Amino acid sequence: MTAARPKRRTVIENCALATVDAHGTEHATGHLVVADERIESVGPGAAPEGLTGVVRRVDATGHLATPGLVNTHHHFYQWLTRGLAQDAVLFDWLKALYPIWARIDEPMVYEAARASLAMMVRGGVTTAADHHYVFPRGGGDLLGAEIRAARELGVRFHPTRGSMDLGESDGGLPPDFAVETLDTALAATEEAIDTHHDPSPGSMLRVGVAPCSPFSVTTDLLREAAALARRKGVRLHTHGSETVEEERFCKERFGMGPTDYLDSTGWLGDDVWMAHCVHMNDADIAAFARTGTGVAHCPSSNARLAAGTAPVPAMLAAGVPVGLGVDGTASNESGELHTELRNSLLVHRLAGGADALTVRQMLRMATHGGARVLGRADELGSLEPGKLADLVLWRLDGLGHSTVADPVAALVLGPPAPVTLSLVHGRPVVEDGRLATADEDGIARAARAESRRLARIAAGE
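Residues numbered from 1 in each chain as written. Predicted model: local features only at pLDDT ≥ 70, side-chain atom pairs only at ≥ 80, totals over all residues. Heavy atoms only, no water.

Engineer: It is not clear to me how the pattern of salt bridges should be interpreted in this structure. Could you clarify?
Structural biologist: Where side chains of opposite charge bring their charged atoms close, a pairing between them can arise. Counted according to the given criterion, the structure contains 26 salt bridges. Close ionic contact of D36 with R5 constitutes a salt bridge, the shortest N to O distance being 3.3 Å. Placement of the pair is D36 in the loop between β2 (26-35) and β3 (38-44) and R5 in the segment before β1 (9-18), with a sequence separation of 31 residues. One network of salt bridges, in which partners are shared, links R122, R434, E440 and D441. (Salt bridge = Lys/Arg side-chain N within 4 Å of Asp/Glu carboxyl O. Helix = DSSP H or I, 4+ residues; strand = E, 2+ residues; numbered from the N terminus.)

Structure representation (structure tokens):
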């Protein structure tokens, strides 16, 4: 019998810890021990003595350790079209950008995914979901390009195979040249699951099914996509209740609001999460809570497009699973998730008062909340023995945070904190504020080149 390989341990000591466990346990000074890809111990004071196989010791004095951030909604390809349609609401913004997006191809999507992921990872994201729904004919393997980029950067990835089949001539919002047929979309989605989805424990790659939105897909696609996802045992994702225009569209076309319409097509359940959910009434929130349907809250994008403020405090009070999302960088040009903690807190206090949300609720939403939305709360989202070693060390002893005694408040309310070390599956993806797995400057150059190529193609040059 072959002897078991000795565990390789990383020991992190002398840091503040916010575990985000069920009790909200925190330690002013404590330790973490990582054994291979999992957390072995976490607690106050120094690490246990006599540990074997220690390959690295980190003196994390002046740092806060948290679970890695979980981004629950994004559109990586939009990195190539940042800064356009600057003063438009959602429908006008989409109409301005669809003709450009319909020209994307595999090299463009690969570089956009690398840049999108690099920006998030450098800011503490360890798990990222993406919703890709634009598939121009002859564009190549666009979902595969994203998956390749995530694998190279070492990120835990939840890509969703999106689709649109309701073109403008049939009453939808997208131009006809930007949509697929029902059968093509379903076949391609099933192929993506069969090719890429890994349901095993500790998986680095899980694929979801994601028709784009009620105003860009047919009722048949929604129903059949939900059936496909449940037959394959994968999660479902779409946009929901993002704007008043969407609500008006659903009432005029289907005779009901977005939540009731999506419920009628099988799109509520604990295997479903929806992006935005801005215009939700009490009955909508109750339906989400009753069914366990999750929400990806994207405050900066909602503000950029003047969509409104999602009723997140009411959702949390009702027990709705809520995580944070960057959304596409054409509507959130910063491309970062850690800034969403502060933005969300401030937006909701403007809408609901000084006690609308707390800094610890924001940290939980960005970590455990996101893991719950993606169906990974048993493995991710808190610092506990046995969980996957996806974690971040935030430096809080510099000028920007020097007089904030509460480390969680410093992280959420202060300026963006530098990431000294970030681990995914126990492996470093950030070291001393720089990507450990890729050349940031090279990624920036390549993405800039592809953005310019897309602009030239869209302009007919």
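Engineer: I would appreciate a short explanation of helix α12 (residues 359-373) in the present structure.
Structural biologist: Residues that lie three or four places apart on an α-helix share one face, since the helix turns once every 3.6 residues. Over its 15 residues, α12 extends 20 Å from the first C-alpha to the last, a length consistent with the 21 Å expected when each residue adds 1.5 Å. Of all the bends found along α12, the most pronounced is centred on M365 and spans about 45 degrees. Remark: G375 follows α12 within two positions and exhibits a positive phi of approximately 75 degrees. (Expected span 1.5 Å × (residues − 1). Bend = angle between axes of the 7 residues up to and from the residue.)

Engineer: Would you take a moment to explain unusual backbone geometry for this structure?
Structural biologist: Most of the time, phi is negative for any residue but glycine, and the peptide bond is trans. Unlike most non-glycine residues, H276 shows phi in positive territory, near 85 degrees. Inspection of the secondary structure puts H276 in strand β11 (residues 272-276). Note on H276: relative accessible area 1%, which makes it buried. Even without a glycine there, the phi angle at H425 is positive, about 60 degrees. (Buried < 20%, exposed > 50% of the residue type's maximum accessible area, 1.4 Å probe, protein only.)

Engineer: What's the story with the environment of G266 in this structure? I'm lost.
Structural biologist: Secondary-structure assignment places G266 in the loop between α7 (258-264) and β11. Each C-alpha atom of the pair G266 and L222 lies 7.9 Å from the other, and the pair is 44 residues apart in sequence. Among residues more than four places away in sequence, those in contact with G266 are A226 and R230. (Contact = heavy atoms within 4.5 Å.)

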